[in-house]
Amino acid sequence: MNSKALLILILFIGSNIARTIGIDYKLFQIIIMAFAIAIACKNKIIFHNKTIITLSIIILLFGFHAISLYGAEGSLGILLTLLTTPILLIPYNRITSKQGNIYFKILCIFFISECIFAILSTITGQIFVKLPFEAATFNTTEFRAYTFHGTSLSDALIVTTIMSFILYSPLREKYKICMWIIGFISILCFNCRAAIVMNVGLFIIYILRNILKNGRIKFSLIFFIILISAISYYIFKAGVGRRLLEHGLYDENSAAVRTNTLLVLTELNLEDFIMGIPKNLRIVYLYNYSGNANGISENFWIDFLFEYGIIFIFFWFFLYYRICYPFLKYYSKTNAFILTTAFAILASTNNSLSTTFVPLFVFIICCYLFVPKILYSIIDKKYLVALKYKSKNPKS
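These remarks concern the structure in this document.

Each value, and the rule that gives it
Residues numbered from 1 in each chain as written. Predicted model: local features only at pLDDT ≥ 70, side-chain atom pairs only at ≥ 80, totals over all residues. Heavy atoms only, no water. Helix = DSSP H or I, 4+ residues; strand = E, 2+ residues; numbered from the N terminus. Expected span 1.5 Å × (residues − 1). Buried < 20%, exposed > 50% of the residue type's maximum accessible area, 1.4 Å probe, protein only. Contact = heavy atoms within 4.5 Å. Axes fitted to C-alpha atoms, helices over the stretch in contact; angles between N-to-C directions. Parallel < 35°, antiparallel > 145°, perpendicular 65-115°, else oblique. Left-handed = near helix turned anticlockwise from the far one by under 90°. Nonpolar A, V, L, I, M, F, W, Y, C, P; charged D, E, K, R; others polar. Phe/Tyr/Trp six-rings, centres within 6.5 Å; stacked < 30°, edge-to-face > 60°. Polar contact = N/O pair within 3.5 Å; in protein donor to acceptor, adjacent residues only side chain to side chain.

1. A closer look at helix α17 (residues 333–347)
In this model α17 runs 21 Å from its N-terminal to its C-terminal C-alpha over 15 residues, within 8% of the 21 Å that 1.5 Å per residue would give. Listing the buried residues of α17 in full gives Asn335, Ala336, Ile338, Leu339, Ala342, Phe343, Leu346 and Ala347. The inward-facing, buried residues of α17 contact α7 (152–167), α9 (193–214), α15 (300–308), α16 (310–328), α18 (352–355) and α19 (358–369).

Printed below as a string of structure tokens:
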């Protein structure tokens, strides 16, 4: 097992695929974490990144504390999810140009596979993976494609993350726009309203910045805008992605449940904010404010707060900032702000980060691979525009 094979397993064997082929996904997570540690030990980089080690220890401490208070049911699952991301990042502390080239190709193949999987699912009206719940049928506006990783919301977040890095990268326009179009079609197939709006917003910002930078809009960009508009029109007309058109961005059955969940915060006292709250109280609070009787908040911030408290959230956020900053500082300030803000906002519309480790893992890997100077060193220069870079090399 090497880091390339590990990356393939992480990206392509999601919870839906594991369930379909009869693999226990929690056991799979433990196995790939063991592989990650073994690879890091072999390459003598197990303790190379002190921030990742610190984050892993803090997650374990808070996780075991929550288990001692509330029991293993539920608490073990979120602990495993949170712990998997930093452990899997350890083998990727030091990346050579040759490795980066292979990782980039794997990421692109995964991105295209996700998109094609979603598009084929929508065209055929079939869900090809085994789900833990009953999905809407194709002849309703609620139909969503499901691919590798859990819910459509999780896959839409992963695809949007890669799309945003591609769009704001130094790739030549014809390549980035073609990949963005494929990604946007799959986002429509996932039928996730927040992701659709986010991607349209990111594309509009990209166009406006392009106009401001060049003083005019390029003919090629005009062509792509017309093409995207035409494709979107016919896709919407075919009934794909119509939740946004028929329900709007805010409706009582979905978006309202997520926003009403935030009202739970008014019930919490200082001790609850610091320590978290027991599971029986979570169910009562969520049912009272959102009508949700299964204890699922649909918001990862609320999940973290309920399970571990506000102190954990501070450490979690600060340490991930420390992990990402060495890469993001080599982006322009505007691009770094757009990419991180887009990811944070879209992730905050659902509970993906508390139920699966993959979106955050993909975001951090993209932070590294799409650093302009690194991208220029790992892929053929014919795919890139000429850019001026900072003199210092980013540390891996």
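After that view of the structure, there is still more to cover.
2. Let's talk about the packing of helix α5 (residues 75–89) against α16
Running from N to C, α5 and α16 cross one another at 20°; their axes reach a closest spacing of 13 Å. The angle between the axes of α5 and α16 places the two elements in the roughly parallel class. For the pair α5 and α16, the crossing hand works out as left-handed. Each of Leu82, Thr85 and Pro86 in α5 lies in contact with α16, whose residues at this interface are Phe312, Trp316 and Tyr320. When the residues that make up the contact of α5 with α16 are grouped by side-chain class, the tally is five nonpolar, one polar and no charged.

3. What about the packing of aromatic side chains?
Counted by the stated rule, this structure contains 32 aromatic pairs. Between Phe165 and Phe363, the ring centres sit 5.7 Å apart and the planes meet at 65°, which makes this aromatic pair edge-to-face. Remark: Phe363 occurs in helix α19 and Phe165 occurs in helix α7; sequence separation between them is 198 residues. Look at Trp180 and Phe203: their rings are 4.5 Å apart centre to centre, the planes differ by 25°, and that puts the pair in the stacked class. In this pair, Trp180 is assigned in helix α8 (residues 173–190) and Phe203 in helix α9, connecting sequence segments 23 residues apart. Side by side, Trp180 and Phe203 carry an identical accessibility label, which is buried. Members of the aromatic cluster, joined through ring pairs, are Phe62, Phe300, Trp301, Phe304, Tyr308, Phe312, Trp316 and Tyr320.

4. A few points about the environment of Thr51
By the secondary structure assignment, Thr51 is in helix α4 (residues 50–70). As a C-alpha pair, Thr51 and Arg322 span 271 residues in sequence and 7.0 Å in three-dimensional space. Setting aside anything within four residues of it in sequence, one finds Thr51 in contact with Leu319, Arg322 and Ile323.

5. Brief notes about the side chain of Ser354
Summarising the element assignment, Ser354 is placed in helix α18. Residue class for Ser354 comes out buried when judged on its relative accessible area of 7%. For Ser354, the side chain forms a polar contact with the side chain of Asp303, separated by 2.6 Å.

6. Focus: the packing of α5 against α15
It is the contact of α5 with α15, at a shortest axis distance of 12 Å, that shows an interaxial angle of 120°. On the basis of the axis angle, α5 is oblique to α15. Crossing of α5 over α15 shows left-handed handedness. Taking contact as the criterion, the partners of Ser75, Ile78, Leu79 and Leu82 in α5 are, on α15, Asp303, Phe304, Glu307 and Tyr308. Considered class by class, the residues forming the contact of α5 with α15 number five nonpolar, one polar and two charged.

7. Describing unusual backbone geometry
Here Lys44, not a glycine, exhibits a phi torsion of approximately 60°, which is positive. Checked against the element boundaries, Lys44 lands in the loop between α3 (25–42) and α4. When its relative accessible area of 74% is taken as the criterion, Lys44 is described as exposed. Here Asn191, not a glycine, exhibits a phi torsion of approximately 60°, which is positive. Relative to the helices and strands, Asn191 resides in the loop between α8 and α9. Assessed through its relative accessible area of 1%, Asn191 is described here as buried.

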